[in-house]
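Analysis of the macromolecular model
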Amino acid sequence: MTSETIRDPRTDHLLTPQNAAFIAIDYQPLQVSTLKSIEPKQVKYAIHKVGQIAKLYNLPTILSTVRAGGDPEKATIPELKDLFPEVQEIDRTSINSWEDMEFRAAVEASGRKKLIMTALWTEACLTFPSLDMVKAGYDVYAVADAVGGTSPTAHKLALKRLQQAGVKLISWVQLACELQRDWARTDTAEEFSRILFQD
């Protein structure tokens, strides 16, 4: 059993640790508490898994909040923030993070064209920047089981609109498997397995 020669990880059409960046927008207590399309406990679990995956594969990571104003009670939830203590959150006033110059500069500075997107809520803070990013020439991958909206209908319609615009919907398990790709990549295989199979 011999794996195919590893393709160029920078130009691969699939996600790789060398061509993707991770973005998490507005995983704040208020937004989590108002979710109606997914249980808050479930979204916290899923975004923690996505964060672990991003950390394992050393993806450039951008965390953003809206109107937190330095208040720890309004900051990124610990399930995500504790994984990236070194990442400075970008606080905005704009609902569409792409309209924030600091946020956009951070995305551009990552040097990556494939963007793994997570945000609360699906119908606003995920949809609006994702649509703008697609228009700007980025490949956007929305982790559908780590996001949520203010109602099941709002969430479903937002995902449909994103798909129609060319955003690729993935799950956190698919994300992990796509980045790992081969059990022979032993430097990450053990932790990859732990993330997948341990709560």
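The following refers to the structure shown. (Residues numbered from 1 in each chain as written. Predicted model: local features only at pLDDT ≥ 70, side-chain atom pairs only at ≥ 80, totals over all residues. Heavy atoms only, no water.)

**Brief notes about the overall build of the protein**
Rules: Each helix corresponds to a stretch of at least 4 residues labelled H or I by DSSP, and each strand to a stretch of at least 2 residues labelled E; elements are numbered beginning at the N terminus. C-alpha atoms define the radius of gyration in this analysis, and the globule rule sets the expected value at 2.2 Å times the number of residues to the power 0.38. Under the scheme applied here, a residue whose accessible area is under 20% of the maximum for its type counts as buried, over 50% as exposed, and between as partly exposed, the area being computed with a 1.4 Å probe on protein chains only. By the convention used here, residues are in contact when the closest approach between their heavy atoms is within 4.5 Å. Method for areas: the Shrake-Rupley scheme with a 1.4 Å probe, in which residue coverage is limited to the protein chains shown.
Each helix and strand in the protein was counted, giving eight helices and six strands. In the protein, the succession of α and β elements from N to C terminus is β-α-α-β-α-β-α-β-α-β-α-β-α-α. Relative to a compact globule of 199 residues, whose C-alpha radius of gyration would be 16 Å, the protein shows 16 Å and is just as compact. Counting every position in the protein, which comprises 199 residues, the buried fraction comes to 50%. Of the contacts formed within the protein by residues at least 6 apart in sequence, a portion of 78% connects residues at least 24 apart. Just so you have it, the protein exposes about 10100 Å², and 53% of that area is on carbon and sulfur atoms.

**Quick notes on the environment of Arg 161**
When you line up the elements, Arg 161 lands in helix 6 (residues 152–164). If we ignore the near neighbours within four places in the chain, the residues touching Arg 161 are Thr 127, Phe 128 and Leu 131.

**Describing the packing of helix 7 (residues 172–180) against helix 8 (residues 186–197)**
Convention followed: Only the contacting stretch of a helix is used when fitting its axis, a line to C-alpha atoms as for every element, and angles between N-to-C directions run 0 to 180 degrees. Oblique is the label for any angle not under 35 degrees, not over 145, and not in the 65 to 115 range, which are roughly parallel, roughly antiparallel and roughly perpendicular in turn. Put simply, Ala, Val, Leu, Ile, Met, Phe, Trp, Tyr, Cys and Pro go in the nonpolar bin, Asp, Glu, Lys and Arg in the charged bin, and everything else, Gly too, in the polar bin.
Running from N to C, helix 7 and helix 8 point in directions that differ by 170°, and their axes come no closer than 11 Å. With respect to their mutual orientation, helix 7 and helix 8 come out roughly antiparallel. In this structure, helix 7 contributes Trp 172, Val 173, Ala 176, Cys 177 and Gln 180 to the contact, and helix 8 contributes Thr 188, Ala 189, Phe 192, Ile 195 and Leu 196. Here the contact of helix 7 with helix 8 is composed, by residue class, of eight nonpolar, two polar and no charged.

**Quick notes on the nonpolar core**
To be explicit about the condition: The term nonpolar core refers to a set of buried residues drawn from Ala, Val, Leu, Ile, Met, Phe, Trp, Tyr and Cys, joined through side-chain atoms within 4.5 Å.
Of all hydrophobic cores here, the largest spans 57 residues; its most connected members are Phe 22, Ile 23, Tyr 27, Phe 103, Val 107, Met 133 and Leu 175. Leave out the neighbours within four places in its chain, and Tyr 27 touches Val 43, Ile 47, Ala 75, Thr 76, Ile 77, Leu 80, Thr 118, Ala 119, Leu 120, Ala 146 and Val 147.

**Regarding the side chain of Ser 110**
On the secondary structure map, Ser 110 appears in helix 4 (residues 101–110). If sequence neighbours within four positions are ignored, Ser 110 has contacts with Ala 21 and Pro 60.

**A word on helix 5 (residues 122–135)**
Each turn of an α-helix holds 3.6 residues, which means side chains three or four residues apart point in the same direction. Just so we agree on the cut-off: To estimate how far a helix should reach, multiply one less than its number of residues by 1.5 Å.
Along its 14 residues, helix 5 runs 18 Å from first to last C-alpha, staying within 8% of the 20 Å computed at 1.5 Å per residue. The secondary structure elements touched by the buried residues of helix 5 are strand 1 (20–25), strand 3 (90–92), helix 4, strand 4 (114–119), strand 5 (139–143) and helix 6.

**Focus on unusual backbone geometry**
Glycine aside, residues mostly have negative phi angles, and peptide bonds mostly take the trans form. The omega torsion across Leu 120 and Trp 121 is 5°, close enough to zero to call that bond cis. One can find Trp 121 in the loop between strand 4 and helix 5. Here Arg 67, not a glycine, exhibits a phi torsion of approximately 55°, which is positive. The phi dihedral of Arg 181 falls on the positive side, at around 70°, and the residue is not glycine. Along the polypeptide, Arg 181 turns up in the loop between helix 7 and helix 8.

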